[in-house]
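What the coordinates show
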Amino acid sequence: MNIYRFVIEFLQIAILLTIAPAFTGWVRMLKCWSQGRTSAGLFQPYRDIIKLFSKDVLLADNASWIFRFTPYLVFGTAVLAGGIIPMLSLELPIASAADVIVLVALFAIARFFTALAGMDIGTAFGGMGSSREMTIASLAEPAMLMAIFTVSLASKSTSLSQMVHVIYSGQTVIRPSLAFALFAFILIALAETGRIPVDNPATHLELTMIHEAMILEYSGRHLALIEWANMMKLFLFIMLGAATFAPWGIAQTGEPAAIFAAFLIMLVKLVIVGAVLVIIETGLAKMRIFRLTEFLGSAFLLATLGMLSYFILE
Amino acid sequence: MDLNIAAQLNSFLAAFVLLTAFGMLVQRRMYGLVHLFAWQGLFLSINTAIVGFEAGKHHLYISSLLTLTLKVILLPYILHVLIRRLKLHKEVEVVVNIPLTMLMGIALVIFSYYLMAPVSRLSTLVTRSTLAVALATVMIGLLMMITRRHAVTQIIGFLAMENGLFFAATSATYGMPLVVELGVALDILIAAFIFGIFFFHISTAFDSLDVEQMARLKEEE
């Protein structure tokens, strides 16, 4: 039985690695359709990654070990995070050792090293991107933790599996605190994954770049790893949101049939969330960077209100 | 409808009333403010109906309907007409430091919770937990009147404050007597007309509805 749980764990990571690019492809495809363009298809991200892997790596002369090490670290943290978030089953061996705070820290490590790598080469755009990214991070991370603490107040635990368990076992309760936390989480997820009101993932204009500016100097397999990790990050945030706010479908036992059902429900959730994401991205314009304090400030406000309403109203 | 679910819906709607209050605090555009005000009235009206159902007080249905016609339809309509007539619809107000205002709002929520905790411990009503939210809504309306400089936004802050008072009455004592509520509703309606007339006079006298302009009114020395 114990080995079987590890099999599920590996299955989950394999799904993360293979489906994340397809999800990005799905979002891009919907976006093309909504804007009246012809899309490159669901599998274009795979082709991009394969192409990048076959190219040579070009390193600047003054690149230090941080620059070379960062892509592997970013990729590794994304894979590890995939082992913590319950996507298919609650019985994950790694999940019992790591809770949501660890998850936030994992994303923070990846961001820290990306920012360092952006400054490592010494180009102007890298430093600019790093400074912007850290500005956003300093505002988004407290809000993220606040939103998660609000959810964990209701379930009295910071372990994701435990949170899902509580939502499953409890009777249907309409919780104002969870509604606030969900709103806050959506705003934070848009900021953390660099989607449109905060950052434009498809931009080619250096002056407006945030994330892309940091990784401007990367090429070849390094760039492939970072791009792939980025796709996984988007996927992971959606899975995190699904596990905390709409966990229905995640298997509680390790039976193969339940796992398969969980997989199908996960795909349905992804399709829906992708459509919602495209609606948000097409409907909104990118925000001025100085407006971001207000955007993330309201995320923090929502999360705090959620926590307060837990005490006041529940 | 189960009573337990009704109580939960009640606190859920209370949370949304608070959310719209915060939304008004940070909203810059005139039309956005009026829409948020209408939403707050809608949540308030549904909440009143639910409380009426829970408590079996039928006069609350009437005050819920009154809230719906007055605060969701009539007042926003009057404000809309005013904004259009006074050509304010493109105006974006400069608000003093939005994140700071939000933090002050949060502090007010904590303060009113602290203030209301002993009161709601004594109360036996189902709605006792929403009392703190009601007080917070009143205070945020007040904060909005203090931090804004535009006459129309100050009026909306005043109306939001009245919303909070109405909400407090509903959650503290299952609403005021119907006669009082009808009187208050009439007052609000008359006030809205008077505000309208005043706005026209202010804007013809000063070419603007910024209340800072009124500093010019003092006598020369």
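Structure first, text after, so check above.
A few points on the structure. Computed from a prediction, not measured in an experiment: that's the story for all the values here.

Checked against the element boundaries, Met 266 of chain A lands in helix H10 (residues 256-283). Once the C-alpha coordinates of Met 266 of chain A and Thr 244 of chain A are considered, the two residues, 22 residues apart in sequence, prove to be 14 Å apart.

Before going further, it helps to spend a moment on helix H3 (residues 59-85) of chain B. Residue and element names in this part refer to chain B. Its 27 residues give H3 an end-to-end C-alpha distance of 37 Å, which sits within 8% of 39 Å, the value for a rise of 1.5 Å per residue. Of all the bends in H3, the greatest, near 30 degrees, is centred on Leu 74, and the proline Pro 76 appears no more than four residues after it. Summarising the contacts, the buried residues of H3 are in contact with helix H2 (30-55), helix H6 (151-173) and helix H7 (178-206). Once H3 ends, the next one or two residues include Lys 87, with phi positive near 55 degrees.

The next point concerns the interface of chain A and chain B. Counting from both sides, the interface comprises 16 residues of chain A and, opposite them, 21 residues of chain B. Sorting the residues of the side of chain A that touches chain B by element identifies helix H7 (176-192) and helix H11 (292-313) of chain A as the ones contributing at least two each. With eleven residues, H11 of chain A is the largest single contributor of residues to the side of chain A that touches chain B. Across the side of chain A that touches chain B, the residue classes tally to ten nonpolar, five polar and one charged.

This brings us to the nonpolar core. All names here are of chain A. Residues Ala 143, Ala 147, Ala 184, Ile 188 and Ala 303 are the most contacted members of the largest nonpolar core, which totals 146 residues. Counting residues per element, this core draws most heavily on helix H9 (residues 220-245), at 17 residues. When residues no more than four places from it in sequence are discounted, the contact partners of Ala 143 are Ala 184, Ile 188, Leu 296, Ala 299, Phe 300 and Ala 303.

Before going further, it helps to spend a moment on the environment of Glu 162 of chain B. Positionally, Glu 162 of chain B belongs in helix H6. Between the C-alpha atom of Glu 162 of chain B and that of Val 211 of chain B, which follows or precedes it by 49 residues, the distance is 21 Å.

Another point: H7 of chain B. In a regular helix each residue adds 1.5 Å, so 29 residues correspond to 42 Å; H7 of chain B covers 41 Å between its end C-alpha atoms and thus fits that length. Count one or two residues on from H7 of chain B and you reach Asp 207 of chain B, which has phi positive near 65 degrees.

Residues and elements named next belong to chain A. Between helix H3 (residues 65-84) and helix H4 (residues 100-120), whose axes approach to 9 Å, the crossing angle comes to 165 degrees. With respect to each other, H3 and H4 are oriented roughly antiparallel. For the crossing formed where H3 meets H4, the hand is left-handed. Only Val 102, Leu 103, Leu 106, Ile 109, Ala 110, Phe 113, Thr 114, Leu 116, Ala 117 and Asp 120 of H4 make contact with H3, whose side of the interface consists of Ile 66, Phe 67, Thr 70, Leu 73, Val 74, Thr 77, Leu 80, Ala 81 and Ile 84. Residue composition of the contact of H3 with H4, grouped by class: 15 nonpolar, three polar and one charged.

Conventions adopted
Residues numbered from 1 in each chain as written. Chains lettered and ligands numbered in written order. Predicted model: local features only at pLDDT ≥ 70, side-chain atom pairs only at ≥ 80, totals over all residues. Helix = DSSP H or I, 4+ residues; strand = E, 2+ residues; numbered from the N terminus. Expected span 1.5 Å × (residues − 1). Bend = angle between axes of the 7 residues up to and from the residue. Contact = placed C-beta atoms within 7 Å. Nonpolar A, V, L, I, M, F, W, Y, C, P; charged D, E, K, R; others polar. Core = buried A, V, L, I, M, F, W, Y, C linked by C-beta atoms within 7 Å. Buried ≥ 20, exposed ≤ 12 C-beta atoms within 10 Å, placed from the backbone. Axes fitted to C-alpha atoms, helices over the stretch in contact; angles between N-to-C directions. Parallel < 35°, antiparallel > 145°, perpendicular 65-115°, else oblique. Left-handed = near helix turned anticlockwise from the far one by under 90°.

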